[in-house]
Protein chains: 2
Amino acid sequence: VLADRGHTILQIYSRTLEKAQKLAEKTGCFSTNNFDWLNKDADIYILTVKDDSIQQIASSLQLPGKLVLHTSGSVPMTMLSTISENTGVLYPLQTFTKDRPVNWREIPLCIEASNLKSYSTLKTFASSISEVVQPVDSDTRKHVHLAAVFVNNFTNFLYGQALSFIPDKLPLTLLKPLAEETIRKAFELGPQQAQTGPAIRGDLKTIAAHEEMLQEHPVALQVYKMLTDMISANKS
Amino acid sequence: VLADRGHTILQIYSRTLEKAQKLAEKTGCFSTNNFDWLNKDADIYILTVKDDSIQQIASSLQLPGKLVLHTSGSVPMTMLSTISENTGVLYPLQTFTKDRPVNWREIPLCIEASNLKSYSTLKTFASSISEVVQPVDSDTRKHVHLAAVFVNNFTNFLYGQALSFIPDKLPLTLLKPLAEETIRKAFELGPQQAQTGPAIRGDLKTIAAHEEMLQEHPVALQVYKMLTDMISANKS
């Protein structure tokens, strides 16, 4: 995506040279597995590595004056401060899966920088990638990352539970229009306004019938009981 | 929507005459609040009432030979058997909100009928409303209705929890592209394949940091702990 937006990728680093080469081939740039051979002419250096590796790299890499970014949701920007005085974060709020294309234009990019000059460069850079660029400080970003666990990981788990007691013969996509309308409603009306169902209605008869149906699905039953209790207790 | 698809609505019944009149005005048909004055010439009679009211109506209404439908997810079709021998169910798998338009063409309609003739009439009727018509028997429909509680009510509650610890200054729509990709992935890859996040990775450090962040949000913390435990236990 960076190459598509008119940026030149000078070099790709990976501890595993083979990986770096594979990626570098795609964009026609140089690759290395040695920090000493790092090209010093880039405007921006981006660390797209696992959270734990950021600290490791920070302790062995120095790029004074260069703009150095990481892309993690939960690692504070200050983790980069030993590398350069010009640091920043570019956190894309999306779930990525190998070989699944995503539409970068609509992925929210949460950005943060250590000073105004870095912020200005980062903002221009981020805006070339996505139409949704949002300044978010390290503490807020941590909370956004946690919210993403609820919206992505936990929601996906609920879908799995829902499908666990649906007969195999039914196409799962039957539930997709409902899932889509749930999102539209939640983000247009707000989840408080959008809440429906037996728990918020206090419909004890339906709740009892549902619990009876889940007797042979203990995990789904436990989820059902807890969330029903919470929604009931949250009623205004 | 029925009028738009070339059907003629002969009459609208409601216990409250005012409500019936209001709806009837929109479609230019007759209205009544008295079963004795019910038009006997309709091809299909549809009960779109609360679950508990279906039984009530069934005990006081007789339309021998007529095709009589209800639209509930959880009431068995046999509940209608005292009204007519030709009965059926037309359950639209979607969440409806007053004044929110929905695209009926893509709403899955789960249908069931008491005999072949009724099924044929119902299928033609349902297909005139939506492109997605699925035969679903009463027992399966109950399970689909329960799955809808997970996919709609519970997911919406999770969104509410996610937003509860996000600073007010952030636009909530920041999380919408993630929610949309979560659905796409879950329905394309299946939720088991699509599961990501600290729980499935066994990333105890991140889990501990998240729980720490939720100390002041006891409901969200309880949800986090339970779902994280379940996802961890479900790991293959």
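For the structure, check the block above.
Residues numbered from 1 in each chain as written. Chains lettered and ligands numbered in written order. Predicted model: local features only at pLDDT ≥ 70, side-chain atom pairs only at ≥ 80, totals over all residues. Heavy atoms only, no water.

Undergrad: For this particular structure, what's the right way to read the packing of helix α4 (residues 138-164) of chain B against helix α9 (residues 218-234) of chain B?
TA: Two quantities define a packed helix pair, namely the angle between the axes and the distance from one axis to the other. Residues and elements named next belong to chain B. Taken N-terminus to C-terminus, the directions of α4 and α9 make an angle of 120°; their axes are 10 Å apart at the nearest point. Comparing the axis directions of α4 and α9 gives the class oblique. Of the two elements, α4 crosses α9, and the hand of that crossing is left-handed. Residues Phe157, Leu158 and Gln161 of α4 pack against Val219, Ala220, Val223 and Leu227 of α9. When its residues are assigned to classes, the contact of α4 with α9 shows 6 nonpolar, 1 polar and no charged. (Axes fitted to C-alpha atoms, helices over the stretch in contact; angles between N-to-C directions. Helix = DSSP H or I, 4+ residues; strand = E, 2+ residues; numbered from the N terminus. Parallel < 35°, antiparallel > 145°, perpendicular 65-115°, else oblique. Left-handed = near helix turned anticlockwise from the far one by under 90°. Contact = heavy atoms within 4.5 Å. Nonpolar A, V, L, I, M, F, W, Y, C, P; charged D, E, K, R; others polar.)

Undergrad: I would appreciate a short explanation of the side chain of Asn152 of chain B in the present structure.
TA: Mapping Asn152 of chain B onto the fold places it in helix α4. A distance of 2.8 Å separates polar atoms of two side chains, one belonging to Asn152 of chain B and the other to Thr182 of chain A. At a separation of 3.2 Å, a polar atom in the side chain of Asn152 of chain B contacts the side chain of Thr196 of chain A. Setting aside chain neighbours within four positions, we find Asn152 of chain B in contact with Leu178, Thr182 and Thr196 of chain A together with Thr95 of chain B. (Polar contact = N/O pair within 3.5 Å; in protein donor to acceptor, adjacent residues only side chain to side chain.)

Undergrad: I'm lost on the environment of Met79 of chain A in this one. Help?
TA: All names here are of chain A. Counting through the fold element by element, Met79 comes out in the loop between β4 (67-70) and β5 (86-92). In the structure, Met79 is positioned 25 residues away from Ile54 in sequence and 7.5 Å away in space, judged by C-alpha atoms. Apart from residues lying up to four places away in sequence, Met79 is in contact with Ile54, Gln55 and Ala58.

Undergrad: Explain the interface of chain A and chain B to me, please; I cannot follow it from the model alone.
TA: Buried accessible area, meaning the area lost when the parts come together, often serves as the stated size of an interface. Residue-level contacts link 84 residues of chain A with 84 residues of chain B. For the pair chain A and chain B, the two sides together bury roughly 8,300 Å², of which 72% comes from carbon and sulfur. Ranking the residues of chain A by area buried against chain B places Arg100, Phe150 and Phe187 of chain A at the top, with a combined share of 9%. Here chain A is connected to chain B by 6 salt bridges. Where chain A packs against chain B, one counts 24 residue pairs in polar contact (both at pLDDT 80 or more). Looking at the side of chain A that touches chain B, the elements with two or more residues in it are α4 (138-164), α5 (176-189), α6 (191-194), α8 (204-213) and α9 (218-234) of chain A. The dominant element in the side of chain A that touches chain B, judged by the number of residues it contributes, is α4 of chain A, at 23 residues. Residues belonging to the side of chain A that touches chain B are distributed by class as follows: 48 nonpolar, 23 polar and 13 charged. (Buried area = accessible area lost by both parts, 1.4 Å probe. Salt bridge = Lys/Arg side-chain N within 4 Å of Asp/Glu carboxyl O.)

Undergrad: Help me understand the side chain of Gln195 of chain A, please; the structure alone is not making it clear to me.
TA: Topologically, Gln195 of chain A is positioned in the loop between α6 and α7 (198-201). Reaching out from Gln195 of chain A, the side chain makes a polar contact with the side chain of Asn156 of chain B at a distance of 2.9 Å. Apart from residues no more than four positions distant in its own chain, Gln195 of chain A is found in contact with Ile200 and Ile231 of chain A together with Asn153, Asn156 and Phe157 of chain B.

Undergrad: Where do I start with the nonpolar core in this structure?
TA: Nonpolar side chains in soluble globular proteins generally cluster together in the buried interior. Grouped together as the largest cluster of nonpolar side chains are 82 residues, with contacts concentrated most on Phe150 of chain A together with Phe150 of chain B. Discounting residues that sit within four places of it in the chain, Phe150 of chain B has contacts with Leu158, Gln161, Ala162, Phe165, Leu214, Ala220, Val223 and Tyr224 of chain A together with Thr155 of chain B. (Core = buried A, V, L, I, M, F, W, Y, C linked by side-chain atoms within 4.5 Å. Buried < 20%, exposed > 50% of the residue type's maximum accessible area, 1.4 Å probe, protein only.)

Undergrad: For this particular structure, what's the right way to read the pairing of β5 of chain A?
TA: Regular strands have side chains that alternate between both faces of the sheet. All names here are of chain A. Of all 7 residues making up β5, 7 are buried, and the element is well covered by its neighbours. As paired elements, β4 and β5 share 4 bridges and run parallel to each other. For Leu67, the partnering residue across the bridge sits in β5 and is Asn86. Two strands pair when backbone bridges link them, and β5 and strand β6 (residues 109-113) are joined in this way by 5 bridges, in the antiparallel orientation. In the sheet register, Leu90 faces β6, and the bridge partner there is Ile111. (Pairing = 2+ DSSP bridges.)

Undergrad: Explanation requested: the sheet that holds strand β7 (residues 133-135) of chain A in the structure shown.
TA: Across a sheet, paired strands are connected by hydrogen bonds in the backbone, their directions being either parallel or antiparallel. Residues and elements named next belong to chain A. Spatial ordering of the open sheet is given by β3-β4-β5-β6-β7, a layout of 5 strands whose pairing is mixed. Only two strands of the sheet have a single neighbouring strand rather than two, namely β3 (44-47) and β7. Adjacent strand axes in the sheet meet at a mean angle of 25°, parallel and antiparallel pairs treated alike. Contacts from α4 reach β4, β5 and β6, with the element oriented near 20° to β5.

Undergrad: Teacher, can you tell me more about the packing of aromatic side chains here?
TA: The description of an aromatic ring pair uses the distance of the two centres, along with the angle that the planes make with each other. Scanning the entire structure with this criterion turns up 14 aromatic pairs over all chains. Summarising the aromatic geometry, the rings of Tyr159 of chain A and Phe187 of chain B are spaced 5.7 Å apart at their centres and angled 45° between planes, so their arrangement reads as tilted. Taken together, the positions of Tyr159 of chain A in helix α4 and Phe187 of chain B in helix α5 (residues 176-189) put the pair across two chains. Comparing Tyr159 of chain A with Phe187 of chain B, the two get one shared label, buried. Here the aromatic cluster, defined as three or more aromatic residues joined through ring pairs, consists of Phe150 and Phe154 of chain A together with Phe165 and Tyr224 of chain B. (Phe/Tyr/Trp six-rings, centres within 6.5 Å; stacked < 30°, edge-to-face > 60°.)

Undergrad: Please clarify how the relation of the copies chain A and chain B should be interpreted in this entry.
TA: Copy one and copy two of the chain differ by a rotation about an axis and a translation along that axis. Expressed as a screw transformation, the operator carrying chain A onto chain B has a rotation angle of 180° and an axial translation of 0.0 Å, and the superposed copies differ by an RMSD of 0.0 Å. Taken together, the rotation and translation relating the two chain copies correspond to the operation of a two-fold axis. The position closest to the rotation axis in chain A is occupied by the C-alpha of Thr155 of chain A, lying 2.9 Å away. Most of the interface of chain A is mirrored in chain B, where 99% of its interface residues again form contacts. (Least-squares fit on C-alpha atoms with pLDDT ≥ 70 in both.)

In short, geometric facts, not functional conclusions.
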